[in-house]
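# Structural overview for review
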Amino acid sequence: MRGSKARAGWMAAALLATSPAAFGASDVGMGAGALRASASLDFTISVPHVMQLNVLGQPAAIQVTADDIARGTVTVSGAQLDLLVNERDGYVIRAQLANPVFSAAKVLGLPGPLVAGEGATTLRMASMVGRPKPAPMPVSYELQLAPGATPGQYGWPVALSLEHP
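Below is a summary of the structure that appears in this document. Quick caveat: nothing in here was measured; it's all calculated off a predicted structure.

## Considerations on the overall build of the protein chain
The helix and strand inventory of the protein chain stands at 3 helices and 12 strands. By the burial criterion, 31% of the 165 residues in the protein chain qualify as buried. Summed over all atoms, the accessible surface of the protein chain reaches about 10500 Å², with 57% contributed by carbon and sulfur.

Below is the structure:
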C-alpha cells in the first residue's frame, strides 16, 4: 500500500512539473528538501437527455375490408415499442390520430390506457433511470372506423411520440 501511495505521489509531481496549466491551480514546493505537491481538479460530467421511440413491426398502411366496416373496428397486432429514456421524472407517450378514416385508436399492451380520439392523448410512464434497458414492448392497436368509412388501403393512422412529463 505504501509503495502505491509513493508511486501516486511521484506521478502527481511529474504531471505537475511538466504541465504549465497545473501550476496555476497547484502548490509545488521547489528546491532542496522533500518534494511536496498538491493540486485540485474540478470536472463535470454532463449526461445528454435521451428520449428515443422506435416502433418495430408496424405496417405503413392498413387494408380495410368490408368485414372490418361491418365490425366497425380493425385490430392490428405485431408491433413493438423500443424505448430508451433517461429522464428521472419519467416520460409521456403521446398518441394522435393521423387519418380521418378512423375515429379512435386504442394502444393496447401499455401499463395504462392510451386512447386517441379527436385530439391527442397522453400516458405518463415511469422512469427507466437506474434500470437495464427493457426489451421492446409488444403492443396492438384497436382502431375504430369513422362513420362512412369505405374499404380500401389507408396510411397508418396513429402517430406516437415521446414528451417530457
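## Focus: the sheet that holds strand 3 (residues 51–56)
Read from one edge to the other, the open sheet built from 5 strands follows the order 3-5-10-7-8, with strand pairing classed as antiparallel. This sheet does not close on itself; its edge strands, each paired only once, are strand 3 and strand 8 (114–116). With strand direction ignored, the average angle separating the axes of adjacent strands in the sheet is 25°. Relative to strand 10 (residues 137–145), strand 5 (residues 73–85) runs antiparallel, the two being bridged by 8 bridges. Within strand 10, the residue paired with Val-74 across the bridge is Leu-143.

## Quick word on the sheet that holds strand 6 (residues 91–97)
The 3 strands lie next to each other as 9-6-12, forming an open sheet whose pairing is antiparallel. At either end of the open sheet lies a strand with only one pairing partner, and these are strand 9 (121–125) and strand 12 (158–163). Adjacent strand axes in the sheet meet at a mean angle of 20° when their direction is disregarded. Note: strand 6 against strand 9, 5 bridges, orientation antiparallel. Residue pairing across strands places Tyr-91 opposite Met-125, the latter belonging to strand 9.

## Focus: the side chain of Thr-73
Inspection of the secondary structure puts Thr-73 in strand 5. Those residues within four positions of Thr-73 in sequence are excluded, and the remaining contacts are Asp-68, Leu-143, Gln-144 and Leu-145.

## Focus on the packing of aromatic side chains
Tallying each qualifying case throughout the model produces 1 aromatic pair. For the ring pair Tyr-141 and Trp-156, a centre distance of 4.8 Å and an interplane angle of 80° mean the geometry is edge-to-face. One end of the pair, Tyr-141, is in strand 10; the other, Trp-156, is in the loop between strand 11 (152–155) and strand 12, with 15 residues separating them in the sequence.

## Examining the pairing of strand 7 (residues 102–108)
Two elements, strand 7 and strand 10, share 6 bridges in a ladder whose sense is antiparallel. Note on strand 10: the bridge partner recorded for Lys-106 is Glu-142. The pairing of strand 7 with strand 8 spans 3 bridges and is antiparallel. Along strand 8, the bridge assignment pairs Ala-105 with Ala-116. The loop that links strand 7 with its antiparallel partner strand 8 comprises 5 residues; one of these, Gly-109, has a positive phi angle of about 105°.

## Some remarks on a nonpolar patch on the surface
A grouping of Leu-41, Phe-43, Ile-45 and Val-47 is seen on the molecular surface, where their side chains present a nonpolar patch of about 540 Å² in accessible area. Using a relative accessible area of 70% as the deciding quantity, one classes Leu-41 as exposed.

Basis of the calculations
Residues numbered from 1 in each chain as written. Predicted model: local features only at pLDDT ≥ 70, side-chain atom pairs only at ≥ 80, totals over all residues. Heavy atoms only, no water. Helix = DSSP H or I, 4+ residues; strand = E, 2+ residues; numbered from the N terminus. Buried < 20%, exposed > 50% of the residue type's maximum accessible area, 1.4 Å probe, protein only. Areas by Shrake-Rupley, 256 points an atom, 1.4 Å probe, with all protein chains shown as cover. Pairing = 2+ DSSP bridges. Axes fitted to C-alpha atoms, helices over the stretch in contact; angles between N-to-C directions. Contact = heavy atoms within 4.5 Å. Phe/Tyr/Trp six-rings, centres within 6.5 Å; stacked < 30°, edge-to-face > 60°. Patch = residues over 30% accessible without salt bridge, like charges linked within 9 Å, V, L, I, M, F, W, Y side chains within 5 Å. Salt bridge = Lys/Arg side-chain N within 4 Å of Asp/Glu carboxyl O.

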